[in-house]
Amino acid sequence: MAAATTGLPSGLQQVQAAFTKSSVVVKAICISTTLVYLLSFLVNTESILSGLAVTPGLIFPPSFRIWTLVTHAFVEVHFWFVVIGVSVTVLCGRIVEPLWGALEMLIFFAVSTVGSAILSSMIYLFMYMTSFNVDYLFDTHFYGLPGYCAGVFVALKQLCGDQELSRGAVKLRIGDLPLVILVAVLLLRIIGIVAGTYLCMTGSGILVSWVYLRFYQRQSDGKEKGDMSDSFTFASFFPEVIRPPIAILANTVHSFLVRIKVCKKQVRKYDVGAPSPITITLPGTDPADAERRRQIALKALNERLSKVEEQTAWPSMEDQPSSPDSEHPSLSASLHGDGDETRETDRLEMLDETDESNIQESS
């Protein structure tokens, strides 16, 4: 067993080690996905997709196959997508699960998979209403973990979005990964490598996961919901050039949803710690985000101070250059000699002046 593990590439070894240490939730997702993929070799692929995948025309009444909202996430018929789904799930279990817990990770998995399937089905239903193409309803199947994988990168943006992933001249942050993944899937769709359902589920997974984490996820204290920090706005997913118009559109939609009671306006309250019961209400501020920004600022300050100390380091006493006197003893001696002669001359002049004054007084 050890020899087999040693023969694996380093990346697979890390995935295997993380899988071994993962929770029951991560193991259940990975094992279920792998088993259904192996089942596709024994059963007709179309039969598996018809029975377990989400079909837009069959999920709504009168068919109402709601069980496919649960089973579709474990269906996959392509090997590389199985590897990607399992790897991202293990990554989530290693980074996100220790901060959230197994239960919250299971809830996030259910929300991202079920929500992306429902939203994608509604998008294809709208496409059918505009084109009257029946293939959008009954020949389209949503399956796999693209919605959940996209949601994991949204969660990483929330937790450590400011961390950089610089490789040479390319500077990339973890917070940029959701948009990068979406653009990559779009390019693969244009080339023809992936189906349109993968693009739709990826975009839906990003949107659904952001809505859940932004407005509905319970915080560790159990009192507040969502993450209303400025670094996790909808506009923050896009480049800074186009953020202003997107922010205006997003704020308009949010204000409309608040007005119709779909979303609640988030308000944070902080006690200033004074003896008097003074409370400051700051909407759109998250203490966790403030602490995260404070840690980042302290780290940057320490790095700058260390660079300054390296540039202006004081030499030790042993490294001090020798004084001019030690380097040029003859010059030093002449200087000291001239000084002695000058002082002697001044002393003699003062004595002469004293004698003259005495002679004048006596006369």
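Refer to the structure presented above.
None of these values were measured; they are calculated from a predicted model.

**Structural notes on the layout of surface pockets**
Taken as a whole, the largest pocket spans an internal volume of roughly 650 Å³. If you go around the largest pocket, you meet 25 residues; those closest to its centre are Trp210, Phe215, Ala250, Asn251 and His254. Taken together, the elements giving at least two residues each to the lining of the largest pocket come down to α13 (196–216) and α14 (243–259). Considering every element that reaches the lining of the largest pocket, the biggest residue donor is α14, with ten residues. Of the residues in the lining of the largest pocket, the class split is 18 nonpolar, five polar and two charged.

**A look at the environment of Gln14**
Following the sequence through the fold, Gln14 ends up in helix α2 (residues 10–21). Separated by 77 residues in sequence, Gln14 and Leu91 place their C-alpha atoms 9.9 Å apart.

**Thoughts on the environment of Phe237**
As for its placement among the helices and strands, Phe237 is situated in the loop between α13 and α14. C-alpha separation for the pair Phe237 and Asp176, spaced 61 residues apart in sequence, amounts to 6.6 Å.

**Points about α14**
Between its terminal C-alpha atoms α14 stretches 24 Å, which fits the 24 Å expected from 17 residues at 1.5 Å a residue. One or two steps after α14, the chain reaches Lys261, where phi turns positive at roughly 70°.

**Side note on unusual backbone geometry**
Residues Pro61 and Pro62 are joined by a peptide bond in cis, for which omega reads 10°. Take Pro62: it is sitting in the loop between α5 (56–59) and α6 (68–71). Despite not being glycine, Phe64 has its phi angle at roughly 60°, a positive value. Relative to the assigned elements, Phe64 resides in the loop between α5 and α6. Look at Phe64 and you get partly exposed, because its relative accessible area is 44%.

**A few points about the state of the cysteines**
Taken as a whole and assessed by the stated rule, the structure comprises zero disulfides. Of the cysteine sulfurs around Cys149, a residue in no disulfide, the closest is that of Cys92, at 9.6 Å. Cys149 gets classed as buried once you look at its relative accessible area, which sits at 9%.

**Topic: the pattern of salt bridges**
Counted under the stated rule, the structure contains two salt bridges. Between Arg173 and Asp162 there is a salt bridge, and its shortest N-O distance comes to 3.7 Å. Here Arg173 is found in the loop between α11 (146–160) and α12 (177–191), whereas its partner Asp162 is found in the loop between α11 and α12, with eleven residues between them in sequence. When its relative accessible area of 31% is taken as the criterion, Arg173 is described as partly exposed. The partner of Arg173 in a salt bridge is Asp176, and the shortest N-O contact between them spans 4.0 Å. Given the relative accessible area of 24%, Asp176 is considered partly exposed. Within the structure, one salt-bridge network assembled from shared partners comprises Asp162, Arg173 and Asp176.

**Quick notes on the packing of aromatic side chains**
This model, assessed by the stated rule, comprises 19 aromatic pairs. Between Trp100 and Phe108, the aromatic rings sit 5.3 Å apart at their centres with planes inclined by 70°, giving edge-to-face as the arrangement. Given a relative accessible area of 17%, Trp100 falls into the buried group. Given a relative accessible area of 1%, Phe108 falls into the buried group. Grouping aromatic residues by their ring pairs yields a cluster made of Trp210, Phe215, Tyr216, Phe232, Phe234, Phe237 and Phe238.

**Notes on the nonpolar core**
Phe108, Phe109, Leu145, Tyr148, Val152, Val154 and Leu213 are the most contacted members of the largest nonpolar core, which has 47 residues in total. For this core, the secondary-structure elements that each account for two or more residues are α3 (24–39), α4 (45–52), α7 (79–95), α9 (102–131), α11, α12 and α13. If one sorts the elements of this core by residue count, α11 sits on top with nine residues. Setting aside residues up to four positions removed in sequence, Phe109 forms contacts with Ile29, Ala73, Phe74, Leu145 and Tyr148.

**What to know about the side chain of His141**
Structurally, His141 is set in the loop between α10 (135–138) and α11. On the accessibility criterion, His141 (11% relative accessible area) is buried. Among the polar contacts made by the side chain of His141, one reaches the side chain of Glu46 at a distance of 3.4 Å. Side chain to side chain, His141 and Thr55 meet in a polar contact 3.0 Å long.

Analysis parameters
Residues numbered from 1 in each chain as written. Predicted model: local features only at pLDDT ≥ 70, side-chain atom pairs only at ≥ 80, totals over all residues. Heavy atoms only, no water. 1 Å grid on protein atoms, 1.4 Å probe; cavity = no way out; pocket = protein on both sides within 12 Å on 5 of 7 lines; lining within 4 Å. Points joined across faces, edges and corners; volume = space filled by probe spheres on them. Helix = DSSP H or I, 4+ residues; strand = E, 2+ residues; numbered from the N terminus. Nonpolar A, V, L, I, M, F, W, Y, C, P; charged D, E, K, R; others polar. Expected span 1.5 Å × (residues − 1). Buried < 20%, exposed > 50% of the residue type's maximum accessible area, 1.4 Å probe, protein only. Disulfide = S-S within 2.5 Å. Salt bridge = Lys/Arg side-chain N within 4 Å of Asp/Glu carboxyl O. Phe/Tyr/Trp six-rings, centres within 6.5 Å; stacked < 30°, edge-to-face > 60°. Core = buried A, V, L, I, M, F, W, Y, C linked by side-chain atoms within 4.5 Å. Contact = heavy atoms within 4.5 Å. Polar contact = N/O pair within 3.5 Å; in protein donor to acceptor, adjacent residues only side chain to side chain.

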